[in-house]
Each structure stands twice: as C-alpha cells, then as structure tokens.
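An overview of the molecular structure
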Amino acid sequence: QVQLVESGGGLVQAGGSLRLSCASSGFTFSSYAMGWFRQGPGKEREFVTAITGSGGITDYVDYVKGRFTISRDNAQNTVYLQMNSVKPEDTAVYYCARKMGAYTFINHRDLSKYDYWGQGTQVTVSS
C-alpha cells in the first residue's frame, strides 16, 4: 500500500535551516507529482510547494520563495524540503502528499487533489 513517512522536523532558531524528508513506498514514485503542505497552530492546512514527477517543474507559495527548496530523488523514492532562513511564522506541522493521478500537475495547489498524506513532522522556529 502507499506509504509516505516524513522526517527531519524539530526545533530550530530563526534564521536557521532544516531539511525535511518524505520517504515513499507502494507506488511508482517517479510518475507522481509530490507536494508539501503545512498547518500552523489554529490555522488551516495550506500549500507550500510542489514538484512534478520528473523534478523538472516546481512551484512555491510566495512567502517561502527564495527560502525553501523542494527536490526529489526518484532512485530513493524520496522528496525533500530544504528550509533556509526560517522564521517563527514557519512553525507548523509539515506534511508531504502525493498528487492524485499520474503524470499530472494541474491544480497542484489544491489540497483536495492529493490522495495520500504522510503523518506530518513538527517544525518549531524559535525567535
């Protein structure tokens, strides 16, 4: 069955860096776009970034552009989120998710277009 397992979260000081990983199994990883989402305290889950199956196209929400980088290693079935220059407002549970449907990137910012989710990893940024 499809499994997504995030790791790499933790406590980091503002201005620091963190790298999240999402190990995937149970499907042909390179055929699917993957996304990272986050849910801050008292907030709804929101889109952060996504990447196509080949890794050739990425998209970021404006407030992480230039600070966060999504990448993937299709040989290792893993997607990464490199977080640099983190801010207290980046504090959230971060989730990776598989985009519904192989070889499609349409509506990749829409949470409802993702069919499998990891359990999440907590990122806390101290000021």
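Everything here concerns the structure above.
An account of the accompanying structure is given in this report. The numbers attached to residues start from 1 for each chain and follow its sequence in the written order. Local features are withheld for residues below a pLDDT of 70 in this predicted model, meaning they are given only at 70 or higher, and side-chain atom pairs are given and counted only at 80 or more; totals for whole chains, interfaces and linings count all residues. Here the side-chain values reflect all heavy atoms present in the structure, with hydrogen atoms and water set aside.

Considering the pairing of strand β9 (residues 92-99)
For clarity, the cut-off: Note on exposure labels: buried denotes an accessible area under 20% of the residue type's maximum, exposed denotes more than 50%, and partly exposed covers the range between, all computed with a 1.4 Å probe on protein chains only. What counts as a helix is a DSSP run of H or I of at least four residues, what counts as a strand is a run of E of at least two, and both are numbered from the N terminus. Two strands form a pair only when DSSP identifies at least two bridges running between them.
β9 sits mainly inside the fold: 7 of its 8 residues count as buried. Of the strand pairs in this sheet, strand β4 (residues 34-39) and β9 are connected by 6 bridges, and their pairing is antiparallel. Across the sheet, residue G35 finds its bridge partner in β9, namely A97. Pairing analysis gives 3 bridges linking β9 to strand β11 (residues 121-126), with the strands arranged antiparallel. Counted as the bridge partner of A92 is V123 from β11. Bridge count for β9 against strand β10 (residues 114-117) is 3 bridges, and the pairing is antiparallel. Bridge pairing links K99 to Y114 in β10.

So, the environment of L11
Keep this limit in mind: Whether two residues touch is decided by their heavy atoms; if any such pair falls within 4.5 Å, the residues are in contact.
Turning to its location among the elements, L11 is positioned in strand β2 (residues 10-13). What makes L11 exposed here is its relative accessible area of 66%. Every residue in contact with L11, bar those within four places of it in the chain, is listed here: T124 and S126.

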